[in-house]
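# Inside the fold
Spelled out from the first residue to the last, the chains are:
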Amino acid sequence: MGCALRIEKLTIKYGSKVAVDGLSTCVRPGETYCLLGPNGAGKTSTIKAVLGLVRYEGHIDILGMGPPRPEVMNKVGAVLETPLVLETLSPRDFLEFVGSVRGVRDSRYVEALVRALGLEEFIDRPIMSLSAGNRQKVAIIAALMHRPRLLLMDEPFNYLDAKSVRVVKELMQRHLESGGSILFTTHIMEVAERVCSRIGIINTGRLVMEGTPMEIMSAVNAGSLEDAFLRAIRAEDEIRGLLEGL
Ligand SMILES: Nc1ncnc2c1ncn2[C@@H]1O[C@H](COP(=O)(O)OP(=O)(O)OP(=O)(O)O)[C@@H](O)[C@H]1O
């Protein structure tokens, strides 16, 4: 099976800081590949490299079309942790703008996404006046509206209420069923356990373990993904030490 996204020996440096250190992986068609790692592990940097937003060494191949460049980006959708720009625009104007850049002709799909995420009421208000959750919904619609084949989702459920999380999970499922792929990050292990086909655990920029949730749990003999994750990043002893004397 080929890779929807192939990353080989990815290294990202910010000055002398090595944020990602020789990371290689493959996100297959139809799967949700989750990058799990502690704060500062290099997850967002990896996603930014796939989007061509940071300088990197190594190779990235997106949908067999080569490294990130504008033509390839029309097949990619991204939800990033950073806030939206153009916050003085309304969701309607912002989505129309993104849609025109991405060549979206089917406005009915965008309208359906707006309805599904309960954004109609806010569609003409400035984005900067919206709650964090509603802004996140605008970002998710902007990522999905051109029906990309590869979705990059950095903590996409941040700020969302339970109903919206369910809707976004369903949209992700439909994207996968139509042959799409997802590179996903989360800190919530229950979410990872439910959503991820395969997981890559990243620590200080290096991929330390990879497999299905079950494979990862059995590799380190853990009863839960949370235990497996903490074992993989060798944080269990540290946590015990930190809690001593409390
Ligand atoms: N623009 C930047 N300039 C300098 N250092 C940076 C920059 N962006 C990220 N870093 C550093 O690179 C490392 C990896 O950061 P990154 O944001 O990729 O981690 P992350 O795994 O996404 O973390 P989190 O879970 O906290 O979002 C961190 O040490 C971070 O401080």
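Now for a description of the structure that goes with this document. Remember, it's a predicted structure, so these values are computed and weren't measured experimentally.

## A few points about the overall build of the protein
On a plain count of helices and strands, the protein comes out with 10 helices and nine strands. Taking 246 residues into account, the globule formula puts the C-alpha radius of gyration at 18 Å, and the protein, at 18 Å, falls close to it. In the protein, buried positions account for 37% of the 246 residues. Sequence-distant contacts in the protein: of pairs separated by 6 or more residues, those separated by 24 or more amount to 68%.

## Focus: the site of the ligand
Near the ligand, the surroundings consist of Tyr14, Lys17, Ala19, Gly37, Asn39, Gly40, Ala41, Gly42, Lys43, Thr44 and Ser45. Listing elements by their share of the shell around the ligand, those giving two or more residues are strand 2 (17-27) and helix 1 (43-50). At three residues, helix 1 tops the list of elements feeding residues into the shell around the ligand. Grouping the constituent residues of the shell around the ligand by class yields three nonpolar, six polar and two charged.

## Some points on the sheet that holds strand 2
Taking strand neighbours across the sheet as the criterion, the three strands line up as 2-1-4 in an open arrangement whose pairing is antiparallel. In this open sheet, the two edge strands, each paired with only one partner strand, are strand 2 and strand 4 (57-62). Averaged over all neighbouring strand pairs, the angle between strand axes comes to 20 degrees, with direction disregarded. Relative to strand 2, strand 1 (residues 5-14) runs antiparallel, the two sharing eight bridges. Considered in strand 2, the bridge of Leu10 is made with Leu23. Against the sheet, helix 1 makes contact with strand 1, strand 2 and strand 4, and its axis sits at roughly 115 degrees relative to strand 1, the strand it touches most.

## Some thoughts on helix 3 (residues 91-102)
The end-to-end C-alpha separation of helix 3 is 16 Å, in line with the 16 Å expected for 12 residues at 1.5 Å each. Those residues of helix 3 that fall on the buried side of the exposure criterion are Pro91, Phe94, Leu95 and Val98. Along the long axis of helix 3, the arc covered by the buried residues comes to 95 degrees, so they all point the same way. Once helix 3 finishes, Gly103 follows within two positions and takes phi at roughly 70 degrees, a positive value.

## Quick word on the sheet that holds strand 8 (residues 198-203)
One key point about sheets: their strands pair by backbone hydrogen bonds, in either a parallel or an antiparallel sense. Pairing in this open sheet of six strands is mixed, and the strands run 5-6-7-3-8-9 from one edge to the other. With partners counted over all chains shown, the strands left at the sheet margins are strand 5 (76-79) and strand 9 (206-211), one partner each. Recorded for the sheet is a direction-independent mean angle of 15 degrees between the axes of neighbouring strands. As paired elements, strand 5 and strand 6 (residues 150-154) share four bridges and run parallel to each other. Across the sheet, residue Val79 finds its bridge partner in strand 6, namely Met153. Along the sheet, helix 1 makes contact with strand 3 (32-36), strand 6, strand 7 (181-185) and strand 8, crossing strand 6 at roughly 150 degrees.

Calculation rules
- Residues numbered from 1 in each chain as written.
- Predicted model: local features only at pLDDT ≥ 70, side-chain atom pairs only at ≥ 80, totals over all residues.
- Helix = DSSP H or I, 4+ residues; strand = E, 2+ residues; numbered from the N terminus.
- Rg over C-alpha atoms; globule rule 2.2 N^0.38 Å.
- Buried ≥ 20, exposed ≤ 12 C-beta atoms within 10 Å, placed from the backbone.
- Contact = placed C-beta atoms within 7 Å.
- Near = placed C-beta within 6 Å.
- Nonpolar A, V, L, I, M, F, W, Y, C, P; charged D, E, K, R; others polar.
- Pairing = 2+ DSSP bridges.
- Axes fitted to C-alpha atoms, helices over the stretch in contact; angles between N-to-C directions.
- Expected span 1.5 Å × (residues − 1).
- Arc of directions from axis to C-beta.

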